[in-house]
Amino acid sequence: MTERKGDPDKRLAFVLLRYFKYWDQADLAREARISPGQISLYDQGHRTVPDDVLERAAKAAGFPVFLLPFLLEAIRAFRLLAEGTWKIGRVLGGGLATDLLDLGHSIAEVVTLPAPPSEGSEGGPRSPDEEREAARRLWDRIRSRPPGHREALVEEDEDYRTWALCERVAAESLEAAGADPQEALQLAELAVHIAEHCPGSDPWRWRLQGYAGIHHANALQACGDLPAARAAMARAEALWEAGASDGLNEMPVLGRPLRLKPDCEGQAAV
């Protein structure tokens, strides 16, 4: 019998992603651009599935790449239980079970709630008010998630890459600055992350990045890091002005961002 050398957790994940789509090896080879011969070796455990190959299979199957580590952990727990090498008490009482349950709740909240419509009420592009209402619903879906989960959603799902969600998160950061500066900073960083991933022309994105960046500077100041706040403000102002110089006909009207007072040692001023 040929010795199995591949990572068993990655092998099972690789096979699971294929069967999730009811694909045979040829289907996966075509959709993920992986050699059929390599797929056979991975399936049989003769070679370890490389990380980049597993990610390509996940993307082809429509599985979020940022959830792969959790999938591998779940498979490992299942395999050890099936082999009798991990007592059920350890699994149910351990941190892994708690993490997986939390992840399950997170996925359920994000997946089961209805997504905001991609078009306006008349079937055309959404108005700014409709965009802001959609952003409110999106924020309600992810506000309780850990920062890493929220950033990963922005990277994986284009629904979260909108100017209106950036504006919403920036406003949440400003509101949190007085009571919880660290939360304000995390929210401001998320707003910057959204702005950096929004589609559109360069001037559009510069303007939005400047808007988010000014709120980031405010959060840094609320945390007491004045040198970093001044540097962030300088970058944000430059981006804001660079965007303004090109007209930005496609840019919705954003409220004029807050301004830091040069001699301010406390809160920012509007």
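Structural data are supplied above this passage.
Here the structure is a predicted model, which means the values were calculated and not measured.

Criteria and thresholds
Residues numbered from 1 in each chain as written. Predicted model: local features only at pLDDT ≥ 70, side-chain atom pairs only at ≥ 80, totals over all residues. Heavy atoms only, no water. Core = buried A, V, L, I, M, F, W, Y, C linked by side-chain atoms within 4.5 Å. Buried < 20%, exposed > 50% of the residue type's maximum accessible area, 1.4 Å probe, protein only. Helix = DSSP H or I, 4+ residues; strand = E, 2+ residues; numbered from the N terminus. Contact = heavy atoms within 4.5 Å. Salt bridge = Lys/Arg side-chain N within 4 Å of Asp/Glu carboxyl O.

**Q** Any chance you could explain the nonpolar core here in plain terms?
**A** For soluble globular proteins, nonpolar side chains are generally found buried alongside one another. Judged by nonpolar contacts, the single largest core of 38 residues is most densely connected at W139, Y160, L165, C166, V169 and I194. With nine residues, the single largest contributor to this core is helix α11 (residues 181-197). With residues near it in sequence (within four places) discarded, L165 still touches A135, L138, W139, Y160 and I194. Counting residues in hydrophobic clusters, the runner-up holds 20 residues, among them W23, L28, I39 and A61.

**Q** Before we go on, may I ask you to explain the pattern of salt bridges in this structure?
**A** Side-chain pairing between opposite charges can occur once the charged atoms of the two side chains come close. Taken as a whole, this structure holds 12 salt bridges when the rule is applied. Three or more residues are tied together by salt bridges with common partners; here these are E133, R136, R137, D140, R143, R168 and E172.

**Q** Is there a simple way to explain unusual backbone geometry in this structure?
**A** Only a minority of non-glycine residues have a phi that is not negative, and only a minority of peptide bonds are not trans. Even without a glycine there, the phi angle at Y22 is positive, about 60°. When you line up the elements, Y22 lands in the loop between α1 (8-20) and α2 (25-32). Positive phi, close to 55°, is recorded for R33, a residue that is not glycine. Tracing the chain through its elements places R33 in the loop between α2 and α3 (36-43). Here R33 falls in the exposed class, since its relative accessible area comes to 74%.

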